[in-house]
Amino acid sequence: METSDIKIAAACLREGKLVALPTETVYGLGANALSDDAVAKIFEAKGRPHFNPLIVHMRSLDDAAQYVRINGMAEKIAAAFWPGPLTMVLPRLPGCKLSLLVSAGLDSVAVRVPKHPMAQALLAQAQIPIAAPSANRSGKVSPTQATHVREELGNRVAMILDGGNCEVGIESTVVDVTGDIPVILRPGSITESMLQEIIPQTTSGTSTTYKSPGMLLSHYAPDHPLRLNAKDIREGEVVLAFGSQLPKGSYTVENLSPTSDLREAAANLFAMLRKLDGCASKGIAVMPIPDGGLGVAINDRLQRAANR
Ligand code: TXA
Ligand code: MG
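Numbering of residues starts from 1 in each chain and follows the order in which that chain's sequence is written. Numbering of ligands from 1 and lettering of chains from A proceed in the order in which they are written. Two thresholds apply to this predicted model, a pLDDT of at least 70 for residue-level local features and 80 or more for giving and counting side-chain atom pairs, whereas whole-chain, interface and lining totals are computed over all residues. Water and hydrogen atoms were dropped before computing side-chain values, which therefore reflect all heavy atoms in the structure.

**Q** Requested: an account of the sheet that holds strand β13 (residues 253-255), with residues and values cited.
**A** As summarised here, the arrangement of the 4 strands in space is β11-β14-β12-β13, forming an open sheet in which the pairing is parallel. Two strands bound the open sheet, and with one partner strand each, they are β11 (226-227) and β13. With 2 bridges connecting them, β11 and strand β14 (residues 284-286) associate as parallel partners. Note that in β14 the partner of Leu226 across the bridge is Ile284. Two strands make a pair as long as DSSP finds a minimum of two bridges between them. Only DSSP runs of H or I with at least four residues qualify as helices, and only runs of E with at least two residues qualify as strands; both kinds are numbered from the N terminus onward.

**Q** Residues and numbers for helix α5 (residues 117-126), please.
**A** Where α5 is concerned, the buried positions are Met118, Ala119, Leu122, Leu123 and Ala126. Down the axis, α5 shows its buried residues gathered within 135° of arc, on one side only. Pairs of residues are marked as contacts when any of their non-hydrogen atoms sit within 4.5 Å. The secondary structure elements touched by the buried residues of α5 are α1 (3-14), β1 (19-21), β3 (55-57) and β6 (130-131). Looking at the residues trailing α5, positive phi occurs at Gln127, about 60°. Any residue under 20% of the maximum accessible area for its type is buried, any over 50% is exposed, and the rest in between are partly exposed; the area is computed with a 1.4 Å probe on protein chains only. Arc, as used here, means the arc of the directions from the helix axis to the C-beta atoms.

**Q** I'd love a proper account of the packing of helix α8 (residues 262-279) against helix α9 (residues 294-306), names of residues and values included.
**A** Viewed as axis vectors pointing N to C, α8 and α9 meet at an angle of 15°, and their least axial separation amounts to 9 Å. The angle between the axes of α8 and α9 places the two elements in the roughly parallel class. Between α8 and α9 the crossing geometry is left-handed. On α9, the residues touching Leu262, Arg263, Ala265, Ala266, Leu269, Phe270 and Leu273 of α8 are Leu294, Gly295, Ile298, Arg301 and Leu302. Each axis is a line fitted through C-alpha atoms, taken for helices only over the stretch in contact, and angles between the N-to-C directions span 0 to 180 degrees. Every angle not falling under 35 degrees, over 145, or within 65 to 115 is termed oblique; those three ranges are roughly parallel, roughly antiparallel and roughly perpendicular. Each crossing gets its handedness from the near helix: less than a right angle anticlockwise from the far helix is left-handed, clockwise is right-handed.

**Q** Hey, could you go over the sheet that holds β1 for me, with residue numbers and the actual values?
**A** Strand order in the open sheet formed by 10 strands is β7-β1-β2-β6-β3-β5-β4-β8-β9-β10, with mixed pairing between adjacent strands. One side of each edge strand has no neighbouring strand; the edge strands of this open sheet are β7 (159-160) and β10 (203-204). Across 3 bridges, β3 lies against strand β5 (residues 108-112) in parallel orientation. Each residue of the ladder has a partner; that of Val56, found in β5, is Val111.

**Q** I'd like to hear about helix α2 (residues 36-46), residue by residue, with values.
**A** Among the residues of α2, those classed as buried are Ala38, Val39, Ile42, Phe43, Ala45 and Lys46. Residues of α2 that are buried sit in contact with β2 (28-32), β6 and α6 (146-153). One or two steps after α2, the chain reaches Gly47, where phi turns positive at roughly 65°.

Given below as structure tokens:
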């Protein structure tokens, strides 16, 4: 890792500029979370509606405690999963210095302590919390490589830190810890059962009981239509495959995991969707993906992409 790059990126952030940074989930479009102006640039660059609150990245639980109220549940969850691919929605403390825009008007804020060494180095060098949604234009799939960011946002950011391919490949699990029990707002690689091992009452929010703006069905949308659970391929379709048994015919295909490994599939998901979207003329046929473990998060993303 180039320490000079980290220093330049940290200086850019402190000056209120946008910096794209790698995390273990997806690339983030980062800005100084203490500055409404800097945060506004994120919405501008993404073309994202203002009501969508952003995740704030911090170095540690201790750092988070300066801005949000940490209860016993949050302490346990942090001890188990931070640093890592998990975001907690927590109540803002009175006088919280975080941008109000970052919470999109809510009295809570989504906080994550990322594990990626470059993200950690940047947080340490910048000495400020970093607001960062996924570094894609609104409604597009999340970037898992620096080149994805360059394609979509290259001319809108001061700098892109290249940390290679994202290990997890899908966005962090978002869990609301503002109430009596933890409620999962967005599934991710930290699953409901993993959280239940720490806090047994943990449950999954449905769109009817809880409205997280990021749960909008249109959030993950390629340009071409997706046809889910495809068991055969129609004329002109490109194919997002899974497993070793592919449908007959000749077609363009990307295979999420020839060995049916859900972790590998998650890591490949956005890059392959993006690639297929780029060469599709008709639509993208998606083979069935088992709905357990990481498959829940993958199917959640695909469902949203299909409901664009
Ligand atoms: O893995 C990730 O989480 C990536 C990397 C860059 O950290 N970030 C990311 O951020 O996916 P974004 O902004 O694309 O997604 C934020 C999610 C949305 O579903 C949003 O609605 C939810 O978190 N969220 C943020 N603040 C919230 C709040 N105060 N209450 C409820 N949901 C919130
Ligand atoms: Mg996003």
